[in-house]
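Descriptive structure summary
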Amino acid sequence: MEIMDLIRHKYKTVSLVGMAKNAGKTVTLNRLLEEAAEKGITLGLTSIGRDGEAQDIVTSTEKPMIYLLEDTIVATTEDCLLRSDAKLEILEVTDYPTAMGMVVICRVKNEGYVEIAGPDTNIAVKEVAMSMLSHGAEIVLIDGAINRKTTASPSITEATILATGAVLSRDIDKVVEETIHQVDLFNLKPVEDVMVLGLAEELLENKSYGVIDQNGNVKTIDIKTAINSGTVIGRALDEDSRYVILSGSLVKKTLEDIMTITDAYKDVTFIVRDATKIFIGAKEWKFFEKRGFEIRVAEKINALVATLNPYAPQGYQFNPRDFYKKMKQNLSLPVVDVMLEEELDE
Amino acid sequence: MALEKVDLTKVKPYGDTLNDGMTQVSFTLPVPYGDESKEAARRLAIKMGLEEASVVEAKDLGVGYTYFVVYGKCQHTIDYSTIQVPKVEVDTMEKEEVEAYIEKHIGRDVVILGACTGTDAHTVGIDAIMNMKGFDGHYGLERYKGMEAHNLGSQVPNEELVAKAIELKADALLVSQVVTQKDVHISNLTELVELLEAEGIRDKVVLVCGGPRLSHELAKELGYDAGFGSGSYAEDVASFVVEEMVKRKLG
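Keep in mind that what you see is a predicted model, and the values were worked out from it rather than measured.

1. Describing the nonpolar core
Core analysis: the biggest nonpolar cluster contains 52 residues, and A:Leu246 and A:Phe270 have the highest contact counts within it. If you tally residues by element for this core, the top one is helix α5 (residues 172-186) of chain A, at six residues. Among residues more than four places away in sequence, those in contact with A:Phe270 are A:Val244, A:Leu246, A:Ile258, A:Tyr265, A:Phe293, A:Glu294, A:Ile295 and A:Arg296. Formed by 47 residues, the second largest nonpolar core is a distinct cluster that contains A:Ala137, A:Phe279, B:Ile166 and B:Leu222.

2. Side note on the sheet that holds strand β2 (residues 50-62) of chain B
Residues and elements named next belong to chain B. Reading across the sheet, the three strands line up as β1-β3-β2 and stay open at both edges, with antiparallel pairing between neighbours. Every interior strand has two partners, whereas the edge strands, β1 (22-29) and β2, have only one. Ignoring strand direction, the axes of neighbouring strands in this sheet form an average angle of 20°. As paired elements, β1 and strand β3 (residues 65-74) share eight bridges and run antiparallel to each other. When the sheet's bridge partners are listed, Ser26 is paired in β3 with Val69. Relative to β2, helix α1 (residues 35-47) is tilted by about 140°, and along the sheet it contacts β1, β2 and β3.

3. Describing the domain arrangement of chain A
Residue and element names in this part refer to chain A. Along its sequence, chain A is organised into domain 1 (3-187 + 301-337) and domain 2 (194-297). Its C-alpha centre places domain 1 at a distance of 32 Å from the equivalent point of domain 2. Residue-level contacts link eleven residues of domain 1 with eleven residues of domain 2. A buried area of about 840 Å², summed over both sides, lies between domain 1 and domain 2, and 66% of it is on carbon and sulfur atoms. Inspection of the region where domain 1 meets domain 2 yields two residue pairs in polar contact (both at pLDDT 80 or more). Looking at side-chain class alone, the side of domain 1 that touches domain 2 contains five nonpolar, four polar and two charged residues.

4. Topic: the interface of chain A and chain B
Residue-level contacts link 42 residues of chain A with 33 residues of chain B. Taking both sides of the interface into account, the surface hidden between chain A and chain B amounts to around 3,100 Å²; carbon and sulfur atoms contribute 57%. Considering only the surface of chain A that becomes buried against chain B, A:Ala99, A:Arg148 and A:Phe279 emerge as the three largest contributors, covering 18% of it. Measuring nitrogen to oxygen at the nearest pair gives 2.7 Å for the salt bridge that ties B:Glu217 to A:Arg50. Counting residues per element, the ones that place at least two in the side of chain A that touches chain B are β5 (87-98) and α4 (122-134) of chain A. Across the side of chain A that touches chain B, the residue classes break down as 17 nonpolar, 14 polar and eleven charged.

5. What to know about the domain arrangement of chain B
Entries for chain B in the domain assignment read domain 1 (1-83) and domain 2 (95-247). Computed from C-alpha atoms alone, the centre-to-centre distance between domain 1 of chain B and domain 2 of chain B is 38 Å.

6. With respect to a nonpolar patch on the surface
Taken together, the side chains of B:Val6, B:Leu8, B:Ile78, B:Tyr80, B:Ile83 and B:Val85 define a hydrophobic patch exposed on the protein surface, amounting to about 580 Å² of accessible area. Tracing the sequence through the fold places B:Val85 in the loop between β3 and α2 (95-106).

Parameters at a glance
Residues numbered from 1 in each chain as written. Chains lettered and ligands numbered in written order. Predicted model: local features only at pLDDT ≥ 70, side-chain atom pairs only at ≥ 80, totals over all residues. Heavy atoms only, no water. Core = buried A, V, L, I, M, F, W, Y, C linked by side-chain atoms within 4.5 Å. Buried < 20%, exposed > 50% of the residue type's maximum accessible area, 1.4 Å probe, protein only. Helix = DSSP H or I, 4+ residues; strand = E, 2+ residues; numbered from the N terminus. Contact = heavy atoms within 4.5 Å. Pairing = 2+ DSSP bridges. Axes fitted to C-alpha atoms, helices over the stretch in contact; angles between N-to-C directions. Domains from an automatic or database assignment. Buried area = accessible area lost by both parts, 1.4 Å probe. Polar contact = N/O pair within 3.5 Å; in protein donor to acceptor, adjacent residues only side chain to side chain. Nonpolar A, V, L, I, M, F, W, Y, C, P; charged D, E, K, R; others polar. Salt bridge = Lys/Arg side-chain N within 4 Å of Asp/Glu carboxyl O. Patch = residues over 30% accessible without salt bridge, like charges linked within 9 Å, V, L, I, M, F, W, Y side chains within 5 Å. Areas by Shrake-Rupley, 256 points an atom, 1.4 Å probe, with all protein chains shown as cover.

This is how it looks when you write it as structure tokens:
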């Protein structure tokens, strides 16, 4: 399967996020670079962490290098520029600082290996992606770091690719369970009611919190974050409440606190901006679902594909065929084993 | 007697003479004390790359565990001349200079929160940076004029830190990770970044991590603005924070 076919002509900015370090993000990235080269797509590329260094700084394992072809646009830092062997033309020096110098946008003049470290904050990532598009990139790829997933937010990138692998746990079922949870979060449905969605978007835009009742009246809740405010939110609910709009993050404790205050949450749908705002693990999520919580998003994440890495740097591996089969059966999106795809296709 | 010149491209441990490779390692094996366990320790040391390994100390830890100290000769060398470690680039100012800088360029109190987050209960690092009395003759941030420093202590959940940061409108967060098992500090540190993004305040704070296992290079990958290793003092952190605030126009 060609992953680029899922992207081209549909999405201009795509994030690549991983369930953990060594889940295979860089291998997936290289695969995308290869496909883009075959199809003659001019890519823009950056990373919120680091890419292309020969050795991983956390696990000291070898990392795949990044080889970029002529005309590729890349956003990296001043320090990385000096360590790259490709010849790069500087198009723009941004004013986004990182721990490794300012972010610089370049065009590859002579192909070669490149070290990439891009902007740190989501807002900067978005700006840099837009800038790379304006410099002629057809598709911009944003590589993630470690297990960070917020670049998947639809307010930052239009679509996302999830890398998962054996590194998560020695227990294959646990890897599958955690990946299912993440994919389910990514696939959380937006609220259907257009009027409610409009009201919700207005609240989210103002970074405020509020309750919508059955007649469409909005009552704002005077809090700055839902963290530690579960009891306040709980008290704002009554039998007429139908939706709660939460602008920031949604964590386990907030829902627990709401439960201790009222049962009215059972008739209410909680709306967060998108799935990257949710910080609730697989087991707790199931628990809250059973207790009658309904959680929706204002914007759905376009999760395109899950890529698999059956090898773990800790020195064990899963049978690639079993791993692929289990994931394919359980995930509601296409699955690709980036390490051994050809063999699996037989 | 002329001193033998050290070849920096092939550095190895020094024991009694240059390049003898003498190394001491200690570890515990989950096997009962005895000749077999000593032999096991010796063979393991050889696998580690130590030549002529010998067990010089073995102690019965009870419940079938034994502790060993092994000597041996390391066969490996390191090319010291090619090593480059990125460090925080900061023109460190003295306490008084930082205070003057705040007054001149920021013009209001800088709010700084410090915490040992997650499971970590070792506050020695964050205390050295924050506490009024400071450490090693370097006063902590609590004593700085123009700084409102809050030390939240140990085992602070990321959520608590974020809630507090929103409540107090923090300008900078200092997160310390001293002792953690199996790299839990990594996912703990990334979770904080993700929470700050979700709350929409990541770009409004200077985010700094510190601890013996955190390098400036790792900080970038984690999504932090800087990482301070051992040997950093309050004025290093303070200088970085105020300069970064001005650079990012957070004043």
